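Chain residues, written in single-letter form:
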Amino acid sequence: MKKTSLQAPAFALVNGELVPWEDARLHVSCEAVNRGLSVFEGIKGYWHLDGSFGILALPQHYYRLCQSARLLHIPFPWTLEEFESCVVTLTKSLLTPENDLWIRATLFVVEGHWGENTRADLIMTAYQSGKQLQSSIKLGISAWQRSSDNALSYRIKSAANYQVARLARIEGRARQCEEMILLNQWGRVAEATGAAVLIVRNGALLTPSSAEGALESITIDIIEVVANSLGVKFVRRPVDRTELLVADELCICGTLAELIPVEKVDEYMFDSNRPVLETLRDKFNDIVRGVCEDDGVHITKLAF
Ligand code: PMP
């Protein structure tokens, strides 16, 4: 299957209207193009065993988009109900039985100048996503640094925030690493370029708190709920670089990544036996696929 960014689905949704893929365009003069001014969410939907389709954590994605828009002074007048209805419309128009769906909801700034009279289009695109679990990867620690809260806050899920991530990915390819870790300005672990970092030490799950330079991850919040239900200790705190290297188990996690085990960080190999992460991953998959329910995890169900 093609990577999401290389797929060309039949439709996009522009301000609530389905339009042919080729017609979802931006003008060269707009701030979205000239200043990279856009904020977005990646949202995942899964087929359930009973034949329904479940969209994971939709309100949480809406509220994080509101937060990103607020921090960049982008007006976002859409209500949660309107936002949900857009996601459902696009999902129903592009869903196939073979694949799950990854939906990208973006606010592109199309009018305004230096923060005056700003207006954004809400554009949604959706891409096919395979149902199989992703295999383990090699990680590198990047020489590039996660931007700080006072520079371009990691709390804002904006296109511009992925410039450093892109450089780290290019660096990673040259080192045969599929993903890269960005350290923060204090030299501690922030996150991966497109996912959060989760480690196991002495039976407990650890992840860097957001103030360490991590996007406020919705998947991490879900994992906390799952860990609590499994009785596994879950801690958010600063994580040193060397703690990553001596971890018992390690994975990256996010909406698209789900939980991807890590087999190597730079030249440090990890045990392929991952009892804590395997249990966590199995439970996570059961919840997102509707095999079992957890009151702490929000799923919007679509029946067909
Ligand atoms: N950090 C970055 C930089 C990301 O791009 C993502 C993916 N959205 C994450 C963390 C994980 O966030 P979430 O679990 O909300 O997808």
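Residues numbered from 1 in each chain as written. Predicted model: local features only at pLDDT ≥ 70, side-chain atom pairs only at ≥ 80, totals over all residues. Heavy atoms only, no water.

S.K.: Sorry, what's going on with the pairing of strand β16 (residues 299-302) here?
M.R.: Both faces of the sheet carry side chains from a regular strand, because those side chains alternate between them. Burial of the side chains of β16 is restricted to one face: Thr300 and Leu302 are buried, whereas none of Ile299 and Lys301 on the reverse face is. By the bridge criterion, 4 bridges tie strand β4 (residues 53-56) to β16 in an arrangement that is antiparallel. For Leu56, the partnering residue across the bridge sits in β16 and is Ile299. (Buried < 20%, exposed > 50% of the residue type's maximum accessible area, 1.4 Å probe, protein only. Helix = DSSP H or I, 4+ residues; strand = E, 2+ residues; numbered from the N terminus. Pairing = 2+ DSSP bridges.)

S.K.: It is not clear to me how the domain arrangement of the protein chain should be interpreted in this structure. Could you clarify?
M.R.: How big an interface is tends to be expressed through the accessible area that disappears when the partners come together. You can read the domains of the protein chain as domain 1 (11-129) and domain 2 (137-288). Taking only C-alpha atoms, the centre of domain 1 and the centre of domain 2 are 25 Å apart. Contacts between the two partners involve 20 residues from domain 1, matched on the other side by 17 residues from domain 2. On the domain 1 side of the interface with domain 2, the three residues burying the most area are Phe40, Tyr46 and Arg64, jointly 33% of the side's total. Taken together, the links from domain 1 to domain 2 amount to 1 salt bridge. Salt-bridge contacts for Glu258 lead to Lys44; the nearest nitrogen and oxygen are separated by 3.0 Å. For the pair domain 1 and domain 2, the interface holds 8 residue pairs in polar contact (both at pLDDT 80 or more). (Domains from an automatic or database assignment. Contact = heavy atoms within 4.5 Å. Buried area = accessible area lost by both parts, 1.4 Å probe. Salt bridge = Lys/Arg side-chain N within 4 Å of Asp/Glu carboxyl O. Polar contact = N/O pair within 3.5 Å; in protein donor to acceptor, adjacent residues only side chain to side chain.)

S.K.: Is there a simple way to explain a nonpolar patch on the surface in this structure?
M.R.: A surface patch of nonpolar side chains, about 260 Å² in accessible area, is lined by Trp144, Leu167 and Ile170. With respect to the secondary-structure elements, Ile170 resides in helix α5 (residues 163-174). (Patch = residues over 30% accessible without salt bridge, like charges linked within 9 Å, V, L, I, M, F, W, Y side chains within 5 Å. Areas by Shrake-Rupley, 256 points an atom, 1.4 Å probe, with all protein chains shown as cover.)

S.K.: Which parts of the structure should I look at to understand the side chain of Glu258?
M.R.: Its place among the elements puts Glu258 in strand β14 (residues 258-265). Side-chain polar atoms of Glu258 contact the side chain of Lys44, separated by 3.0 Å. Residue contacts for Glu258: discarding those within four places in its chain leaves Lys44, Tyr46, Gln134, Ile252, Cys253 and Phe284.

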